[in-house]
Amino acid sequence: MKKLLYHFDTDPIPSVFDSVVAYDGGADQVTQLGGIHENNCASLVEGAIYTRAPKHKKNTAIFVGGSSLISSQSLFEAIQSHFFQDFRVSVMLDSNGCNTTAAAGVTLLNQAGSLAGKIAVVLAGTGPVGQRAAVMLAQSGAQVRLTSREMSRSKQACEDMGKQFGVELAPVEARDHGSVQIALEGAQVVFGAGKAGIRLLDAEQWQKHDSIEILADVSTAEPLGFEGINMNDRNTERFGKKVFGGLGIGALKLKLHRACIERLFTSNDQVLDADAIYKIAQQMTGSR
Amino acid sequence: MKKLLYHFDTDPIPSVFDSVVAYDGGADQVTQLGGIHENNCASLVEGAIYTRAPKHKKNTAIFVGGSSLISSQSLFEAIQSHFFQDFRVSVMLDSNGCNTTAAAGVTLLNQAGSLAGKIAVVLAGTGPVGQRAAVMLAQSGAQVRLTSREMSRSKQACEDMGKQFGVELAPVEARDHGSVQIALEGAQVVFGAGKAGIRLLDAEQWQKHDSIEILADVSTAEPLGFEGINMNDRNTERFGKKVFGGLGIGALKLKLHRACIERLFTSNDQVLDADAIYKIAQQMTGSR
Amino acid sequence: MKKLLYHFDTDPIPSVFDSVVAYDGGADQVTQLGGIHENNCASLVEGAIYTRAPKHKKNTAIFVGGSSLISSQSLFEAIQSHFFQDFRVSVMLDSNGCNTTAAAGVTLLNQAGSLAGKIAVVLAGTGPVGQRAAVMLAQSGAQVRLTSREMSRSKQACEDMGKQFGVELAPVEARDHGSVQIALEGAQVVFGAGKAGIRLLDAEQWQKHDSIEILADVSTAEPLGFEGINMNDRNTERFGKKVFGGLGIGALKLKLHRACIERLFTSNDQVLDADAIYKIAQQMTGSR
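Criteria and cut-off values
- Starting from 1, residues in each chain are numbered consecutively following that chain's sequence as written.
- Both sets of labels track the order of writing: A upward for chains, 1 upward for ligands.
- Local features in a predicted model are, by the rule used here, given only for residues with pLDDT of at least 70; side-chain atom pairs are given and counted only at 80 or more, and totals for whole chains, interfaces and linings are based on all residues.
- The basis for every side-chain value is the complete set of non-hydrogen atoms in the structure, without hydrogens or water.
- The criterion used for residue contact is that any of the two residues' heavy atoms lie within 4.5 Å.
- Buried area counts how much accessible surface, traced with a 1.4 Å probe, disappears from two parts once they are put together, with both parts' losses summed.
- Definition used for salt bridges: Asp or Glu carboxyl oxygen within 4 Å of a side-chain nitrogen of Lys or Arg.
- We call two N or O atoms a polar contact when they sit within 3.5 Å, provided that within protein one can donate a hydrogen and the other can accept it, with sequence-adjacent residues counted only if both atoms are side-chain atoms.
- Secondary structure elements are taken from DSSP: a helix is a run of H or I of four residues or more, a strand is a run of E of two residues or more, and numbering for both begins at the N terminus.
- Put simply, Ala, Val, Leu, Ile, Met, Phe, Trp, Tyr, Cys and Pro go in the nonpolar bin, Asp, Glu, Lys and Arg in the charged bin, and everything else, Gly too, in the polar bin.
- Pairing between strands requires that DSSP locate at least two bridges from one strand to the other.
- An axis is simply a line fitted to the C-alpha atoms; with a helix, the fit covers only the stretch in contact. Between two such axes, the angle follows the N-to-C directions and lies from 0 to 180 degrees.
- Here the copies were fitted onto each other by least squares, based on C-alpha atoms from residues at pLDDT of at least 70 in both.
- When two cysteine sulfur atoms are found within 2.5 Å, that pair is recorded as a disulfide.
- A pair of Phe, Tyr and Trp rings is counted when the ring centres sit within 6.5 Å of each other, with Trp represented by its six-membered ring. The angle between the planes then sorts it: under 30 degrees is stacked, over 60 is edge-to-face, the rest tilted.
- Think of it in three bands: with a 1.4 Å probe and only protein chains considered, a residue is buried below 20% of the maximum accessible area for its type, exposed above 50%, and partly exposed in between.

(A) Just the interface of chain A and chain C, in detail. Facing the 17 residues of chain A at the interface are 19 residues of chain C. If you sort the residues of chain A by the area they bury against chain C, A:Ile13, A:Val16 and A:Tyr23 come out on top, with a joint share of 38%. For the pair chain A and chain C, the number of links is one salt bridge. The salt bridge partner of A:Asp24 is C:Arg52, with a shortest N-O separation of 2.7 Å. Where chain A packs against chain C, one counts nine residue pairs in polar contact (both at pLDDT 80 or more). Those elements that place two or more of their residues in the side of chain A that touches chain C are helix 1 (16-24), strand 2 (29-33) and helix 9 (246-264) of chain A. The element that contributes the greatest number of residues to the side of chain A that touches chain C is helix 1 of chain A, accounting for seven residues. Of the residues that constitute the side of chain A that touches chain C, the class distribution is ten nonpolar, four polar and three charged.

Okay, structure coming up:
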């Protein structure tokens, strides 16, 4: 019996990235459907839950992707609302890689030095990856500041994540060199979650910083989020600090993403969101 | 050589249900295209018929799905109009499972007691499943009444099916408790083909009914079409009547649907519409 | 590790033809995305180049198809602009079969008699197949005339191909019996690249022609481009001339198309456009 993954994308054109990783994670067939949202998913979900005998339902799974975490989250919940009794299949949310990228990044930071009690700053943290990284940093015991160029967006993200995952995040506005400097005051950990090609941090801001110990930046396109690092950095010592670049994080992210796909097909009731995915990352790396 | 199924869906988003069943029915690869209609299918059909050597064409097949039977029927005919000589592939029509669900339901009714000479009522029979069930009941020797909330729609459906399959169906308006009661007068067989969540029959209407012997309802979502039955019923004795629920029918429907997919790849000239699919159902269950 | 082909189609509904051939050419999974253009392909390309380790990247490839050669060509170039260092995958352009059909046709003509020094006329040559056939005829040493019903379109096509492939093509207007007759004056080779169902050449125009030695017409639907030939002709002697019909060319075209797909997965840096595909055709047939 084939392992069938149904990828529901909130964008009109589904992601190639998620398709490749799904195959490499063990899906026999990946069917991608674009333009899916909470209000048109009902019959699609029924198609997934009604078509195989109970003992075979673990071979069907649903993956939710797309560039908008809000839409994906709503879709993810709507899908589960159509499940009943044993009429359910495993489901995973990884909107633009938010959960796997954040989990890989935070897990590496945790390996480089315990995060408990540290002050961690997520720069440009209102996107999918940033929000989830902030949650995982907080779950690892750090005090987390989440920055945005606009205070209102930062507040919204902190509130949303607080409500959903029960963590406390501090919203901070950081729109230029000076305000970023203030956001970093006393911080030991910095996580860059900006869009491709956006510079978040100048070289001198982190290289001579008193308290910063570890930095991770997810970007893989020049200019990188942090000036003066290399996207291949993986626990690389630079100016007395431990540095991770986008490709350095990416290797674990890919491994984790594949492991999550594999996990989907182990039973018909896996629900892989931030919590579960972060736990899988920790198991994989022996952090727990 | 891979068995390739091309699923042309008249809806913009293709069906997950049909995808899962196609794989379980033996297709090696299922390619689903949405938004296909009689006027844009020509080059797609050419792609199916020109690409493989004559002896290999049986490994390519086309499945027509979608929620509108009228559009699907037109598409089904348009596809075949592009075939010539041996430039053809097998093709199946199962708009929203109309043929396989109807064939499974009617086959089970037939097994529970011969339909020849009986009066059969298809409630809410103007949808894809209802129309095809009415045809198959008539082909099994029953006198068939097809009901709708609007007489004009019932008449249209009876006319369409009569023209296409050469059966005589009686249109009946049934819009409330009283008119349903009249529609059931003297009937031995009742087939419920309503939409999910629509109650067609109150418990007391069938439980104390004088002539009704067998009931089948395709719905799998509460409230079921017939009050007081269970969707798992499969030839279950209730109030002296034999009852079939949506999941009871669904098991045979799935088996039949898979068998049809398998059949598609046995030669390059299979044409699976209501007639052929009903025959396959009867062969599977040894009814013929 | 599965060989994954990502088919980016510039049309909204991707091609079934290219899907079948891709599977027969050895792709393990073909994922087709419609509506792709130069401005929305960036993240899709990133998904292809970032997801596998360097030694495995040869198992991912991109195919560009669609009915507009201009859009496909822009997309083909945009895709490659996102490659850097070893972050690249193999890519093929075959808009409506332009390259494989033209290469198969011209290779067969070349086998039937050397094209060097001959005058070759591509009738209705402004479409994808015609433009590429003209280029390949020129590369084989022929003096090439490219006709269109409108001089401006012919000039445009000759200019475009000249710029891109460094060949010299002569634009000719040919809109009726008389102007076609003039276009054929002194020609030894005629290649018909018209749309399905468009007659390009009357029987008497070629059957009694003084200089014409070889004719090839790609059409596979009646009426054929050249009156009096058969679509199965493959180096068939008719009226003292060697004739190739659409299906006669099609057999080699399919074989070539499959060989190109196979080639895509031999390394991660194959770039298969007109030049490369014509070379593969010549290698396959031992012409070189």
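(B) A look at the sheet that holds strand 5 (residues 119-123) of chain C. Residue and element names in this part refer to chain C. Reading across from one edge, 7-6-5-8-9-11-10 is the order of the seven strands in this open sheet, with mixed pairing throughout. Edge strands, defined here as strands with exactly one partner in the open sheet, are strand 7 (169-173) and strand 10 (234-238). Each adjacent strand pair in this sheet contributes to an overall mean axis angle of 20°, direction not counted. Where strand 5 meets strand 8 (residues 189-192), four bridges bridge the pair, whose relative direction is parallel. Pairing of Val121 across the sheet is with Val190, part of strand 8. On top of the sheet, helix 5 (residues 128-139) reaches strand 5, strand 6 (143-148), strand 7 and strand 8; it is set at about 165° to strand 6, its chief contact. Helix-sheet contacts for helix 6 (residues 151-165) involve strand 6 and strand 7, and the interaxial angle to strand 7 is about 170°.

(C) Up close: the relation of the copies chain A and chain C. When chain A is fitted onto chain C, the two copies agree to an RMSD of 0.0 Å after a turn of 120° and an axial shift of 0.0 Å. The two molecules are tied by a three-fold rotation axis, judged by turn and shift. Taken as a fraction of all interface residues of chain A, those also at the interface in chain C reach only 6%, which identifies the copy contact as different-surface.

(D) Here's a closer look at the state of the cysteines. All told, the structure shown has zero disulfides over all chains when counted by the stated rule. With no disulfide of its own, A:Cys260 has A:Cys98 as its nearest cysteine by sulfur position, at a separation of 11 Å.

(E) The arrangement of the packing of aromatic side chains in detail. Overall, the coordinates contain twelve aromatic pairs over all chains when judged by the stated rule. Between A:Trp206 and A:Phe239, the aromatic rings sit 5.9 Å apart at their centres with planes inclined by 85°, giving edge-to-face as the arrangement. Pair noted here: A:Trp206 is in helix 8 (residues 203-207) and A:Phe239 is in the loop between strand 10 (234-238) and strand 11 (241-244), with a separation of 33 residues, a long-range link. Here B:Phe84 and B:Phe87 contribute two aromatic rings whose centre-to-centre distance is 4.8 Å and whose plane-to-plane angle is 15°, an arrangement assigned as stacked. These aromatic residues form a ring-pair network of at least three members: A:Tyr50, A:Phe84 and A:Phe87.

(F) How the structure looks around the relation of the copies chain B and chain C. When chain B is brought onto chain C, the operation consists of a screw motion whose angular component is 120° and whose axial shift is 0.0 Å, with 0.0 Å RMSD remaining. Taken as a fraction of all interface residues of chain B, those also at the interface in chain C reach only 5%, which identifies the copy contact as different-surface.

(G) Spotlight on the pattern of salt bridges. All names here are of chain B. All chains considered together, the criterion is met by 18 salt bridges over all chains. With its nearest N and O atoms 2.6 Å apart, the salt bridge here joins Arg132 to Asp273. Taken as a pair, Arg132 in helix 5 (residues 128-139) and Asp273 in the loop between strand 12 (271-272) and helix 10 (274-284) lie far apart in primary sequence, 141 residues in all. Of the residues examined, Arg132 reaches a relative accessible area of 0% and is grouped as buried. Taking the relative accessible area as the measure of exposure, Asp273 reaches 11% and is therefore buried. A salt bridge links Arg238 to Asp233; the nearest nitrogen and oxygen atoms lie 2.7 Å apart. What makes Asp233 buried here is its relative accessible area of 4%.

(H) Region of the structure containing the pairing of strand 11 (residues 241-244) of chain C. Residue and element names in this part refer to chain C. For strand 9 (residues 214-217) and strand 11, the ladder comprises three bridges, and the chain directions are parallel. Its bridge partner lying in strand 11, Ala216 is registered against Phe244. When strand 10 meets strand 11, the two strands line up antiparallel, connected through four bridges. The residue bridging Arg238 from the neighbouring strand is Lys241, located in strand 11. Hairpin remark: strand 10 followed by strand 11, antiparallel, with two residues in the connecting loop; positive phi at Phe239, about 55°.

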